[in-house]
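Coordinate analysis (summary)
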Amino acid sequence: EALQALLQKPATRTVAMESLLKVRNRLDAAKLTPILQTSARSLLADDNAAAELGFRLASSFKLAGLEDEIEKLLLGGRLGSPPLHVSAIRALREMNSRHVQTLAKFANHSDAAIRDEAVLALASSKSDQAAPLLLKLWPDLTWPLRRTALDRLAGTQSGAQSIVKAVKSGAIEKSELESVTLDKL
């Protein structure tokens, strides 16, 4: 109740949330999730500075209940700056978002930071749809992004299967697979 009171007051909310972020590894996140979700939701509805803190909360505490709201913010055009887009996409990645189509849209973004985070989010996703979407983007990816994507994809069963299929079909060259990736496969 004391924490809830601190998080509801605008004067103490930001400091309290920053403090929670600093000690998040020592907290039982499951018990705090309802309170944090409510607070993060109000931050996401506020100005961009508050929304950035909301994204950090959602990301750090994996507040999956905010996934749809974060996707709407990404698609709605309210987030002006690339760093806010990156924070929103990172939050979706950290909560293992099921919105892989949205992530794929941002994987083609003209801003490199947004594109890189979206590719990382797709590659990290456990969704069966993520790997095929990522492999469609393959020709447009830089070598560092390809290496990161391969490493992440190889860590999941569906991703590893997609890599094998892509190599067999010629979509990915065998020479692109590093020994670490081959070991995972």
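Preceding block: the structure.
Conventions used here
- Residues numbered from 1 in each chain as written.
- Predicted model: local features only at pLDDT ≥ 70, side-chain atom pairs only at ≥ 80, totals over all residues.
- Heavy atoms only, no water.
- Helix = DSSP H or I, 4+ residues; strand = E, 2+ residues; numbered from the N terminus.
- Contact = heavy atoms within 4.5 Å.
- Areas by Shrake-Rupley, 256 points an atom, 1.4 Å probe, with all protein chains shown as cover.
- Lys, Arg positive; Asp, Glu negative; His and termini not counted.
- Charge placed at Lys NZ, Arg CZ, Asp CG, Glu CD.
- Buried < 20%, exposed > 50% of the residue type's maximum accessible area, 1.4 Å probe, protein only.
- Arc of directions from axis to C-beta.
- Axes fitted to C-alpha atoms, helices over the stretch in contact; angles between N-to-C directions.
- Parallel < 35°, antiparallel > 145°, perpendicular 65-115°, else oblique.
- Left-handed = near helix turned anticlockwise from the far one by under 90°.
- Nonpolar A, V, L, I, M, F, W, Y, C, P; charged D, E, K, R; others polar.
- Salt bridge = Lys/Arg side-chain N within 4 Å of Asp/Glu carboxyl O.
- Expected span 1.5 Å × (residues − 1).

This part takes up the overall build of the protein. Tallying secondary structure elements over the protein gives twelve helices and zero strands in all. When the helices and strands of the protein are listed from N to C terminus, the series reads α-α-α-α-α-α-α-α-α-α-α-α. Within the protein, contacts between residues separated by at least 24 positions form 64% of all contacts whose residues are at least 6 apart in sequence. When the accessible surface of the protein is summed, it comes to about 9,600 Å², and 52% of that surface belongs to carbon and sulfur atoms. Counting 25 positive and 21 negative side-chain charges, the protein places the centres of these two groups 2 Å from one another.

Another point: the environment of K126. With respect to the helices and strands, the residue K126 is situated in the loop between α8 (112-124) and α9 (130-136). Sequence separation between K126 and S158 is 32 residues, and the spatial gap between their C-alpha atoms is 7.7 Å. Those residues in contact with K126 that sit more than four places away from it in its chain are N96, T156 and S158.

Moving on to helix α5 (residues 67-76). E67, I70, E71, L73 and L74 are the residues of α5 that are buried. Taken down its axis, α5 places every buried residue within 160° of arc, on the same side. Across α5 from its buried face, at more than 90 degrees, point the exposed residues K72 and G76. Contacts from the buried residues of α5 go to α3 (29-44), α4 (48-60), α6 (82-94) and α7 (100-106).

Attention now goes to the packing of α3 against α4. Relative placement of two packed helices is described by the angle separating their axes and the distance separating the axes. Direction vectors running N to C along α3 and α4 enclose 150°, while the axes themselves pass 7 Å from each other. By the angle class used here, α3 and α4 are roughly antiparallel. Note that α3 runs across α4; the crossing there is left-handed. Residue-level contacts link L36, A40, L43 and L44 of α3 to A50, A51, L53, G54, F55 and L57 of α4. In terms of residue class, the contact of α3 with α4 is made up of nine nonpolar, one polar and no charged.

Attention now moves to the pattern of salt bridges. Taken as a whole and judged by the stated rule, the model has ten salt bridges. With its nearest N and O atoms 2.6 Å apart, the salt bridge here joins R41 to E69. Of the two residues, R41 is situated in helix α3 and E69 in helix α5; the sequence distance between them amounts to 28 residues. Judged by its relative accessible area of 32%, R41 falls in the partly exposed class. Exposure remark for E69: the relative accessible area of 27% places this residue in the partly exposed category. With a shortest N-O distance of 2.8 Å, R98 and D68 are connected by a salt bridge. Here R98 is found in the loop between α6 and α7, whereas its partner D68 is found in helix α5, with 30 residues between them in sequence. Using a relative accessible area of 34% as the deciding quantity, one classes D68 as partly exposed. Sharing partners across several salt bridges, the network here consists of K62, R90, R93, E94 and E117.

Spanning 13 residues, helix α2 (residues 10-22) covers 19 Å between terminal C-alpha atoms, matching the ideal 18 Å at 1.5 Å per step. If you check which residues of α2 are buried, you get R13, A16, M17, L20 and L21. Take α2 and look down its axis: the buried residues cluster within an arc of 135°, on one side only. Of the exposed residues in α2, those oriented more than 90 degrees away from the buried face are A11, V15 and K22. Buried residues along α2 sit against α1 (2-8), α3 and α4.

On to the side chain of E67, then. With respect to the element layout, E67 can be found in helix α5. Under the relative-accessibility criterion, E67 is labelled buried at 5%. Leaving out residues up to four positions away in the same chain, E67 has contacts with L92, M95, S97, R98 and H99.

Limitation: the analysis is restricted to geometry and does not speak to function.
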